[in-house]
Every structure is written in C-alpha cells, then in structure tokens.
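Each chain, letter by letter, is given below.
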Amino acid sequence: MFDTIYDVIVVGGGHAGAEAAASAANMGSKTLLITMNLQNIGQMSCNPAMGGIAKGQIVREIDALGGYSGIVSDKTAIQFKMLNRSKGPAMWSPRVQSDRMLFAAEWRLMLEQTPNLDFYQDMVTDLLFEGDAISGVVTTLGIKIKAKSVVLTSGTFLNGLIHIGEKQFGGGRAGESASFGITERLIEKGFSSGRMKTGTPPRVDGRSLDYSKMFEQPGDERPAKFSFLNSTVPLKQQRSCHMTYTSPVVHDLLREGFDRSPMFNGRIQSIGPRYCPSVEDKINRFSEKERHQIFVEPEGWNTVEVYVNGFSTSLPEEVQFKALRAVDGFEQVKFFRPGYAIEYDYFPPTQLKHNLETKPISGLFFAGQINGTTGYEEAASQGLMAGINAHLHVKGNSPFTLSRDEAYIGVLIDDLITKGTEEPYRMFTSRAEYRTLLRQDNADTRLTPKAHALGLASDERLHQMEKQEHKADALISFFSETSIKPETINPILERKSSAPTKQSVKMNKVLSRPNISIDDFLAHPPVADFVRSHDIDSTVLEQAEIQIKYAGYIAKEKAQADKLTQLDYVAIPEDFDYQKVNSLSIEARQKLSEIKPVTIAQASRISGVSPSDLSVLLVYMGR
C-alpha cells in the first residue's frame, strides 16, 4: 500500500479527520486515514454529547451534506433534547447525550464500510513537498507515503502539553502521546502558529453519587433525531442527566489551590475557550456569583462513569477532589481520573482559503482545532468541507464553498478565514446574521441538493427530501387558500386567550398568531382529511407551521441576503496590490494584504475595513 499515490491522506482520526476521510472516499478519491490509535477513531475527548446551541444546526447540516456525524449520534444516543423550545424556531437546537464507547465504535464501523478508504496506525511527523505543493507525509517509522492532497486534523496533539496543578507532561489527550514535527516543518514553509488551551473536568464513579440531592434532567417526552435519513429512529427509552450547584464553600476550597494553578501562576500562557471556562476561571471572573451549575452526565448505557460538566479544571488533583466532595450529591465521590488542561499548537486560519486549503501550500488542507476552533461539531463540519475540497482539488474541479446565508458551516468558515481568531472559536446562533433562514429543521432543503450534485447524496435521498418539501408546500397553500368560519375557530381562540374573529378568515392568518399552533387545527375535518390524504407527518407539520408563522421574517432576511450576495460577484484579483491604493486607510491596506479577500463581500467583513474603503475598492473593480 505504501507504493500507492493516494488522492487524499487524512492525518488524524478525530471528528474532523473521520468526516474528511468519509467525504473524500465517498466522492471517489483513493483515501488513507492515518491516526495514532485506530481504537480512538471518533473519540469524544471531552463531554459525551453532540449538538447544542448552534452546534445542533451544524450536525443537521453535516447530515444533509452526506456526512456521518448525525447518523452516528442517533445510533449511539442515550438522551435527546431540543433546546430553546421557548424561543423562536431560529433558536431551536437539537442535542443528544451519547454513549461514549458506542460512539467511537460506530464511527469506526461506518468508516470501515466506506469504499476507497484505507487505514494506517502511526504518527505523522513530517510532510513532503514538491515546490509549493504538498506531495505526501512521513511517519515515525520513517515511511514516506505519497499523496496528491493532505488534510491535517491534528486536534490538540501538535506539541500537546497537559497540566494538572504544577505537574506537566506531554500528551495530546489523557493516556496518549503528543505529536511532534509538523509544526516546525510548517513554520519552515512560512506559516505562523500560536498556542491555545482547552480543559476537561474529572470523570467520576456514578455509584458514589447521591442523585436524590440533585435535580433530574430528563430528555424530551417525544424525542426527535439528528439524521434526515430513515435509517435511524428516535429513542424509545432514555437516560436522565442531573444538575447540582457549586457553593461558596466549594469556591473557597478551590481558591486554596490558586497559587498552584497553572492558569494563575504563569505556567499556561495561551488563551482558553471564553464560553467554556474552567471552574477556577469562573469563580475568579464572576466572584459575585455564589453558585455555578454542574451537569452530571452519564457516559453511556452500561457504564458507571460520569462526566462532571461545568467543573473543568487544571487545579492539583487533591484540590479538585476536596472541592468536588463539597458539592451536593458528591459527598462520597470517587474519581476515575482528575480534570486537566492541555496546551497545543494551532495555525491562525487567516492563512486559509474559503475551501480550507492553505494559501502557502497547494493541496494542503487544515480542519478542526488546528484552525483555532473548539467543539466536535465545528471540527466535524470543517473536516467534511476539507475532505470534499481535497477531492475536488485532486480532480481539478472548482472548490465547494457555502455562503453565510446558506449554512452555519458557511458562517463558521467565513468567520475563521476573514476575521481569524485568537481564542478557541465556538459557534453561536448570534454569529449568524441570517439565522431565521438557517434553522435546524430546513437543513436538508438547504443542502441536500448540493450534496446530490457532489455525489454525496443518492437519488433516493434527494427524492425523499423533495417529497417532504412538496408536502409542506401543499399544506402551506391549503392553509393560505382555505377559510375557516368564526363558529369553528372562535372556541379555539377563546381557549388560547386570543381575540375572536367576526368573519371567516384564511387559516394561515389565524396560525400566524403567536399563541396558536398547527395542532389546534388538526381536529378540524378539512385539515384532518388533508393531512391524512397527503400522508403528512409531524416533521412536515412543523416545517409548514414555521414557514407560515415566520413568513415575513423569512422573506425579509432572504431579501437582505440577496442584496448583500451581489457583492459576492464583485471579484478581487488574487494579485491585487493594496499598498498602491493610497485612498485606502493604512489599517485596511494591512488587513487586506494579509487576508487577501476574493470578493468585495468578504472584504466588507474584515475588521478594520470601513465603508469608505469598500467604496474605493468598488471604484478600482469598475463598479
């Protein structure tokens, strides 16, 4: 196999690497996945969960594009929740609690069943180049493997350094060694790099916990699922999580170890995730708060191991243990392993193109934490896109990219390459200016046609999506064209404390009211007959209801997106010399020269580029 010149080599078997390998191989590229431990493909290094605020939308998008994360999540879930149901549908975010061991096992099983994909267990320590193009990799054993493109998904392994109190040791994850050599080689090639930090909480023995002192957190009564495919089904039984709180006593015990905390004594210089701080960081930054939430999450169906979400820490293990025993329900807790922090190398993502190919080296792609992101979902989506584009690069085809009004994945990548990041980047709904368009429920209608064009979605899958879309459109038309009499609708309106109507009114007008749902119409014979005759399920009902209720908002966002999209068609030549344009501000010249935006739209999103700078560029582009 080492004589083979692979189309795509994927380095690393985490969430980014697994999705990259799957997408490249499924598109027809001869692909090799090299990872340090084949037993840990798709390993959940931190919390045993997928999805959450904005992250759930990303998993749905990955599934709609033909990725595996949604399928694996459904098959290994132990609990499902739709978060933010009390808010508008743009904020609804699916999340599953996962069985950690089953999750990795299912990922490996799916990859082993993927054609065109080979595996090799080894550490990549060097890269091969031919001029300014990648040509392969070198492993610890000195094996040189040639490739037409390479996707680096190194996670937290590049020069990884683990901290527990004053103790330090090399590692990319607990029990696994760090990776060396790649950073140094890329710096030689002109790349700039930096350091970031992340952390993880203790894992504990669930048999030592007193759940009666905690608040139960059950899953949804009618759980949904991630994948749009019929090959997965919603959970029929679920495991509950639990919630408890820290206290002033816990905070005082943690403060006793601050002098030995690597975060406070200078041992850790890099920046950690703003929105997932360690427990010591929380009580230091928010000293006025008397308590913080602790979520107690089971690691699977058949294990007693528990993940203590909200208690991420790098304090000395004896301080962790003493403080955790002061938390309600943890008085007799036993550790499986202490929490720790890890520092690792990353490469500022402004060095990437929109297709995640590096600007200095042709055929070399970065995905995941190497780009400064945090989270399984963010990594997986980058891996999917990098794998797709590595295949397209090898075949000489145009790159595949997603715009900010097409997907959260598009927002994520555009943010990274346009703005860069100096702290671990996490996706939120607030980062997307078109979040009413980018809902979790419509990811398939947005993206499955694109996946079909790429060869990642079958004809059958596209037909299934179009069939559901036609049903929703038919139901929307029915509601828009059918009137309902006052004597029929007023009892419902009165029951819902909504103003009655004095004349017949179109049903879509009634459904547009905030406290009226489509379920209120299902007992009305014409609606019930239509739903039954058209074989309309709950998914279609939800789709139609959202589109009717939020039609005005959706139309407004679409118009705004279409207007701004016009700037995407104003291209900037790759060799454009900003330094010669004296009318641009000095900051704009510096930022534009560094990032090299490909369109005026991308230039408009660069920090430091003003509207007047854009006007100057438009003049130079002949607009």
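All values reported here derive from a predicted model rather than from experimental measurement.

**Q** Whenever I open this one, the pattern of salt bridges confuses me. Can you help?
**A** Should their charged atoms come close, side chains of opposite charge can pair. Per the stated rule, a full pass over the model turns up 37 salt bridges. The partner of Lys55 in a salt bridge is Glu378, and the shortest N-O contact between them spans 2.8 Å. Taken together, the positions of Lys55 in helix H2 (residues 55–64) and Glu378 in helix H9 (residues 376–395) put the pair 323 residues apart, joining distant regions of the chain. A single burial state applies to Lys55 and to Glu378, both of which are buried. Here Glu61 and Arg446 are joined by a salt bridge, their closest N and O atoms 2.9 Å apart. Of this pair, Glu61 sits in helix H2 while Arg446 sits in helix H11 (residues 443–454), and the two are 385 residues apart along the sequence. Judged by its relative accessible area of 0%, Glu61 is buried. On the accessibility criterion, Arg446 (14% relative accessible area) is buried. Within this structure, Arg404, Asp414, Asp415, Lys419, Glu433 and Arg605 form a network of salt bridges that share partners.

**Q** Mind showing me how you'd approach the sheet that holds strand S11 (residues 161–164) here?
**A** Sheet strands line up and pair through hydrogen bonds in the backbone, either parallel or antiparallel. If you walk across this open sheet you meet the four strands as S12-S11-S20-S13, and the pairing is antiparallel. This sheet does not close on itself; its edge strands, each paired only once, are strand S12 (167–170) and strand S13 (194–200). Averaged over neighbouring strand pairs, the angle between their axes works out to 25° when direction is ignored. Pairing analysis gives three bridges linking S11 to strand S20 (residues 340–346), with the strands arranged antiparallel. Residue pairing for S20: His163 is matched across the bridge by Ala341.

**Q** Whenever I open this one, the nonpolar core confuses me. Can you help?
**A** Buried together is how nonpolar side chains tend to be arranged in soluble globular proteins. One finds Ile9 and Leu152 to be the most contacted residues of the largest nonpolar core, which totals 101 residues. With nine residues, H9 is the single largest residue contributor to this core. In this structure, Leu475, Phe479, Ile489 and Val540 belong to the second largest nonpolar core, which totals 23 residues.

**Q** Looking at this structure, I do not really get helix H20 (residues 611–620). What am I missing?
**A** Since the α-helix packs 3.6 residues into each turn, any two residues three or four apart lie on the same face. All buried positions along H20 are accounted for by Asp613, Leu614, Val616 and Leu617. Looking straight down H20, one finds that the buried residues subtend no more than 160° of arc, so they occupy a single side. Along H20, the residues that are exposed and aim more than 90 degrees away from the buried face are Pro611 and Val619. Note on H20: the residue one or two positions beyond its end, Gly622, has a positive phi of about 85°.

**Q** Would you mind going over the environment of Tyr340 with me for this structure?
**A** Looking at the element boundaries, Tyr340 is found in strand S20. Considered as a pair, Tyr340 and Ser278 are 62 residues apart in the sequence and their alpha carbons are 9.7 Å apart. In contact with Tyr340, other than residues within four places in its own chain, are Ile162, His163, Ile164, Arg173, Ala174, Thr198, Gly199, Thr200, Thr313 and Ser314. One polar contact links the side chain of Tyr340 to the main-chain amide nitrogen of Ala174, over a distance of 3.1 Å.

Cut-offs and rules
- Residues numbered from 1 in each chain as written.
- Predicted model: local features only at pLDDT ≥ 70, side-chain atom pairs only at ≥ 80, totals over all residues.
- Heavy atoms only, no water.
- Salt bridge = Lys/Arg side-chain N within 4 Å of Asp/Glu carboxyl O.
- Helix = DSSP H or I, 4+ residues; strand = E, 2+ residues; numbered from the N terminus.
- Buried < 20%, exposed > 50% of the residue type's maximum accessible area, 1.4 Å probe, protein only.
- Pairing = 2+ DSSP bridges.
- Axes fitted to C-alpha atoms, helices over the stretch in contact; angles between N-to-C directions.
- Core = buried A, V, L, I, M, F, W, Y, C linked by side-chain atoms within 4.5 Å.
- Arc of directions from axis to C-beta.
- Contact = heavy atoms within 4.5 Å.
- Polar contact = N/O pair within 3.5 Å; in protein donor to acceptor, adjacent residues only side chain to side chain.

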